[in-house]
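# Structural features, examined
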Amino acid sequence: MNDQASVEGRGGMRWVVLALMALIIFANYYLYDCFSTLKGTLQTEFGATSTQWGLVRNFYNVPNTFLFMALLGGIFLDRYGIRRTGLVFTALCALGGVVTAYGVSDTFRAGGFGYQFMGSFLTAHSPELKMMMLGRLLFGLGAETQIVMLSKVLAKWFMGKELGLAFGLKIGIARVGSALGMSLSPRIAEQMGFNSALWVGALVMMSGLVLFIVYMSIDHRDEQARGASDDAKLAPDEAFRIRDVLGLFANRSYLFVILLCATFYAVVFPFQDYLADLLNHKYGFSPVKAGDFTSLIPWGAAIFTILFGAFIDARGKRATLMIGGAILLVGTHTLFALTTLSPWILVPLFGIGFSLVPAAMWPAVALIVDEKRLGTAYGLMNWMQNLWWWAMALIAGWVLDRSNPDVTAEALRAGTGVYDYTA
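Residues numbered from 1 in each chain as written. Predicted model: local features only at pLDDT ≥ 70, side-chain atom pairs only at ≥ 80, totals over all residues. Heavy atoms only, no water.

## Focus on the overall build of the protein
Helix and strand counts for the protein stand at 19 helices and zero strands. Scaling as 2.2 N^0.38, a compact globule of 423 residues should have a C-alpha radius of gyration of about 22 Å, and the protein matches this with 21 Å. By its C-alpha atoms, the protein is 70 × 50 × 40 Å across when sized along the principal axes. In the protein, which comprises 423 residues, the proportion classed as buried is 57%. (Helix = DSSP H or I, 4+ residues; strand = E, 2+ residues; numbered from the N terminus. Rg over C-alpha atoms; globule rule 2.2 N^0.38 Å. Buried < 20%, exposed > 50% of the residue type's maximum accessible area, 1.4 Å probe, protein only.)

Below, the structure is given as structure tokens:
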């Protein structure tokens, strides 16, 4: 059966699958970004530096950068199928959310399970910071492979028809998760405390785990009805070989896409992580207002990514959209650094660039790589993305501390410390 007939044969059920995948990635992005607008709270409550903030944030990237889990997860996905691989890594996401929230809970801070052990090493960092690092590590261990898995699910259910729209909707809903995480967390922290904001993120991700179990049932019934076994292991002659990864680099189109992916996310995710703090220090925004403003980026991306995805299905122009989005990112960063132009102008421009590139980039991979190696291809992209993203976020925190030596935790608590973000 060809791709078009395969998609149409699934009828309306593919839209149910899309809704499930969108809600699962919503949970993933909410959990990631519920932390991103709480930098000031973490620094004032725990005396953390900007470098330590970057370290806690970036423990998410450690398994995907140094343990190659984004790449290995894609290989596992091709080797062992969507359902088994997806369940394991979605469960890791939920566990990571729970451990991160537990790390700043009253129970843990009163000497609960793991507190003494976490205080026995690397004493320059508090036990709370180290437990949060562990939680971010576990979350990162599952999250990038989960994202790879969700991309392969959409390729499986939408290949040949409305693939760009499906990816656009998935990415758009993911951005809604980011937006709500950014805007709700400061409010929850203000009303109920820092720890409560993290527990809400953990509960959202646990709901995502339940939704994936629902998808497993739907996918299994679909395979039985079609007499297929898409989730079975590959045949011996299709087993993974290292030359399969090397062969991807021989695909020039894929090579350009993966380099764009790495450089693009090395810009956008660290920028989002620090934007609320930048708005607070450069423009005098309150934590809640800065969180709301930062959330405009994913809110805008949620709308424009869907529109751009539909446009790509109708008109193509993938390369043009990717180049245009990259140029917008360069321009907005330059203007943020060198001018006092209003964020009301700069943030929407950044958001449009943020929408253009993913809308064109992710579905393009499904068109230029064989479906049997699609998990590996997406996994390699996510590994490269995490490597550059990890490095840039740490560098940003280090540069911020080095260029602002007078801004200490004590100065921040006293309200006299102001970061200059130009460097």
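Let us keep going from here.
## Quick notes on a nonpolar patch on the surface
A contiguous nonpolar patch, built from Phe68, Leu72, Phe76 and Tyr80 and spanning about 320 Å² of accessible area, is present on the exposed surface. As for its placement among the helices and strands, Phe68 is situated in the loop between α5 (62-65) and α6 (69-80). On the basis of relative accessibility, which here comes to 38%, the residue Phe68 falls in the partly exposed class. (Patch = residues over 30% accessible without salt bridge, like charges linked within 9 Å, V, L, I, M, F, W, Y side chains within 5 Å. Areas by Shrake-Rupley, 256 points an atom, 1.4 Å probe, with all protein chains shown as cover. Salt bridge = Lys/Arg side-chain N within 4 Å of Asp/Glu carboxyl O.)

## Considering the packing of α6 against helix α7 (residues 82-102)
Running from N to C, α6 and α7 point in directions that differ by 145°, and their axes come no closer than 7 Å. Contacts from Met69, Gly73, Phe76, Leu77 and Tyr80 of α6 reach α7 at Ile82, Arg84, Thr85 and Phe89. Here the contact of α6 with α7 is composed, by residue class, of six nonpolar, two polar and one charged. (Axes fitted to C-alpha atoms, helices over the stretch in contact; angles between N-to-C directions. Contact = heavy atoms within 4.5 Å. Nonpolar A, V, L, I, M, F, W, Y, C, P; charged D, E, K, R; others polar.)

## Description of the environment of Gly379
The topology assignment puts Gly379 in helix α18 (residues 374-403). Residue classification places Gly379 among the buried positions, given a relative accessible area of 0%. C-alpha separation for the pair Gly379 and Met69, spaced 310 residues apart in sequence, amounts to 8.1 Å. For Gly379, the residues in contact, after removing those within four places along its chain, are Ala70, Leu71, Gly74 and Val148.

## Comments concerning the pattern of salt bridges
Enumeration according to the criterion identifies six salt bridges in this entry. The salt bridge involving Arg83 is made with Asp219; its shortest N-O contact spans 2.8 Å. With Arg83 in helix α7 and Asp219 in helix α12 (residues 194-226), the pair connects residues that are 136 residues apart, well separated along the chain. Residue Lys156 pairs with Asp219 through a salt bridge whose shortest N-O separation is 2.8 Å. Remark: Asp219 occurs in helix α12 and Lys156 occurs in helix α10 (residues 127-158); sequence separation between them is 63 residues. In this structure Lys156 comes out as buried when scored by relative accessible area, which is 8%. Through salt bridges that share partners, Arg83, Lys156, Asp219 and Glu223 make up one connected network.

## Focus: unusual backbone geometry
The phi dihedral of Leu122 falls on the positive side, at around 45°, and the residue is not glycine. Note on placement: Leu122 falls in the loop between α9 (115-118) and α10. Its relative accessible area of 58% is what places Leu122 among the exposed residues.

## Structural notes on the packing of α10 against α12
Direction vectors running N to C along α10 and α12 enclose 30°, while the axes themselves pass 13 Å from each other. Crossing of α10 over α12 shows left-handed handedness. Counted together, Met132, Gln146, Met149, Val153, Lys156 and Trp157 of α10 and Phe194, Leu198, Met205, Phe212, Tyr215, Ile218, Asp219, Asp222 and Glu223 of α12 form the full contact between these two elements. A breakdown of the residues in the contact of α10 with α12 according to their chemical character gives ten nonpolar, one polar and four charged. (Left-handed = near helix turned anticlockwise from the far one by under 90°.)

## Overview of the state of the cysteines
For the coordinates displayed, the defined rule picks out zero disulfides. Here Cys93 is not cross-linked by a disulfide; its sulfur's nearest cysteine counterpart is in Cys34, at 13 Å. Under the relative-accessibility criterion, Cys93 is labelled buried at 0%. (Disulfide = S-S within 2.5 Å.)

## Comments concerning the packing of aromatic side chains
Within this structure, the stated rule accounts for 28 aromatic pairs. Arranged with centres 6.4 Å apart and planes meeting at 25°, the rings of Phe26 and Tyr30 form a pair that is stacked. Remark: Tyr30 and Phe26 occur in helix α2 (residues 13-33); sequence separation between them is four residues, near one turn of the helix. Overall, the relative accessible area of 3% leaves Tyr30 in the buried class. The ring of Tyr80 has Arg79 sitting right over it, with the charged end atom 5.7 Å from the ring centre. Over the ring of Phe35 we find Arg136; its NZ or CZ atom is 5.2 Å from the centre of that ring. (Phe/Tyr/Trp six-rings, centres within 6.5 Å; stacked < 30°, edge-to-face > 60°. Lys NZ or Arg CZ within 6 Å of the ring centre and 35° of its normal.)

## Concerning the confidence of the model for the protein
Looking at the protein as a whole, the pLDDT averages 84, with 93% of positions reaching at least 70. The weakest mean pLDDT in the protein belongs to helix α1 (residues 3-9) at 50; the strongest belongs to α7 at 94. Residue range residues 1-5 is modelled with pLDDT below 50. Its contacts to residues more than four positions away, or to other chains, number seven contacts. (pLDDT = per-residue confidence, 0-100.)

## What to know about the side chain of Arg136
Inspection of the secondary structure puts Arg136 in helix α10. Buried Arg136, no salt bridge; nearest opposite-charge side chain is Asp273, N-O distance 6.5 Å. Sequence-distant contacts of Arg136, defined by excluding residues within four places in its chain, comprise Leu31, Tyr32, Phe35, Val56, Arg57, Phe59, Tyr60 and Thr100. (Lys, Arg positive; Asp, Glu negative; His and termini not counted.)

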